[in-house]
Amino acid sequence: MDIKVLRLLPATLLVSVQLHIPLSQAATIGISATLLPACEAGTTTSGSTRFGTLNFGNYASLTSAVNATSTQLAGSIRVKCVSGLTYKIVMDGGSSGVVTARRMVNTTNSAETLQYNLYTSAARTTVWDNTTGVSGTGNGADQWSTVYGRVPAQTTPAAGVYQDTVNVTVSW
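All figures in this text were calculated on a predicted structure; none of them were measured in a lab.

K.L.:
What should I look at first to understand the layout of surface pockets in this one?
P.N.:
To find leftover empty space, a probe the size of one water molecule is rolled over the atoms. As a volume, the largest pocket reaches approximately 1200 Å³. Lining the largest pocket we find 39 residues, and of these Thr53, Leu54, Met104, Gln163 and Asp164 sit closest to its centre. At the level of elements, strand E3 (48-50), strand E13 (162-163) and strand E14 (168-171) are the ones that each hand at least two residues to the lining of the largest pocket. Residue composition of the lining of the largest pocket, grouped by class: 24 nonpolar, 13 polar and two charged.

K.L.:
Can you help me understand the nonpolar core in this one?
P.N.:
By size, the foremost hydrophobic cluster in this structure holds 23 residues, and its most contacted members are Ile77, Trp128 and Val151. Of all the elements in the fold, those that place two or more residues in this core are strand E4 (66-69), strand E5 (77-81) and strand E6 (86-91). Ignoring sequence-local partners within four residues, the contact set of Val151 consists of Phe56, Leu62, Ser64, Ala65, Val66, Met104, Leu114, Gln115 and Tyr116.

K.L.:
Which parts of the structure should I look at to understand the state of the cysteines?
P.N.:
Here, the word disulfide means a covalent bond between the sulfur atoms of two cysteines. Under the criterion given, the structure shown has one disulfide. Between Cys39 and Cys81 runs a disulfide, and the two sulfur atoms are separated by 1.8 Å. Residues Cys39 and Cys81 are joined through a disulfide that is right-handed, its torsion about the S-S bond being 110 degrees. Of the two residues, Cys39 sits in strand E1 (residues 39-41) while Cys81 sits in strand E5, which places them 42 residues apart along the sequence. A relative accessible area of 14% places Cys39 in the buried class. You can call Cys81 buried: its relative accessible area is 1%.

K.L.:
Please clarify how the sheet that holds E14 should be interpreted in this entry.
P.N.:
In space, the three strands of this open sheet follow the order E10-E6-E14, with antiparallel pairing throughout. Two strands close off the open sheet at either side, each with one partner strand: strand E10 (134-137) and E14. Strand-to-strand twist of the sheet, defined as the mean angle between neighbouring strand axes without regard to direction, takes the value 20 degrees. For E6 and E14, the ladder comprises four bridges, and the chain directions are antiparallel. Bridge pairing links Met91 to Val168 in E14.

The rules behind each value
Residues numbered from 1 in each chain as written. Predicted model: local features only at pLDDT ≥ 70, side-chain atom pairs only at ≥ 80, totals over all residues. Heavy atoms only, no water. 1 Å grid on protein atoms, 1.4 Å probe; cavity = no way out; pocket = protein on both sides within 12 Å on 5 of 7 lines; lining within 4 Å. Points joined across faces, edges and corners; volume = space filled by probe spheres on them. Helix = DSSP H or I, 4+ residues; strand = E, 2+ residues; numbered from the N terminus. Nonpolar A, V, L, I, M, F, W, Y, C, P; charged D, E, K, R; others polar. Core = buried A, V, L, I, M, F, W, Y, C linked by side-chain atoms within 4.5 Å. Buried < 20%, exposed > 50% of the residue type's maximum accessible area, 1.4 Å probe, protein only. Contact = heavy atoms within 4.5 Å. Disulfide = S-S within 2.5 Å. Pairing = 2+ DSSP bridges. Axes fitted to C-alpha atoms, helices over the stretch in contact; angles between N-to-C directions.

In structure tokens form, the structure reads like this:
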């Protein structure tokens, strides 16, 4: 009988030791992220960021002003900034270099030009320039700024395709 008790003693000790060993342990992990003040603008295709083309259409005469209004992916400026971040959109003078006297150039005869300008509102009273521009505050989603264009009445130049490229800068 003494031998049987001794055989059960190691089994009892093993059970009692296992009951004191923790089966799990909890701890915490710190989590952090830093959101930088940043914006993105335009649509990037083949490594080039663009806003599309503001197209004034086809005309045989310029005896009256011609207006054009941009739309998404066709001249409107897309900006997406983190919420609360202010930004400013400015435009240069294009090929003329002068924001108050922009001109499109005939694609086959650069001596032929067509006057036009870009404005910040539908009233077309404030030229979209390279200093004041248009300001906004980011909301974390795409925000579109409409560009309002006008070709003023003028002596109709030679027939042809007229184009210009205006550089847009978004700063924050």
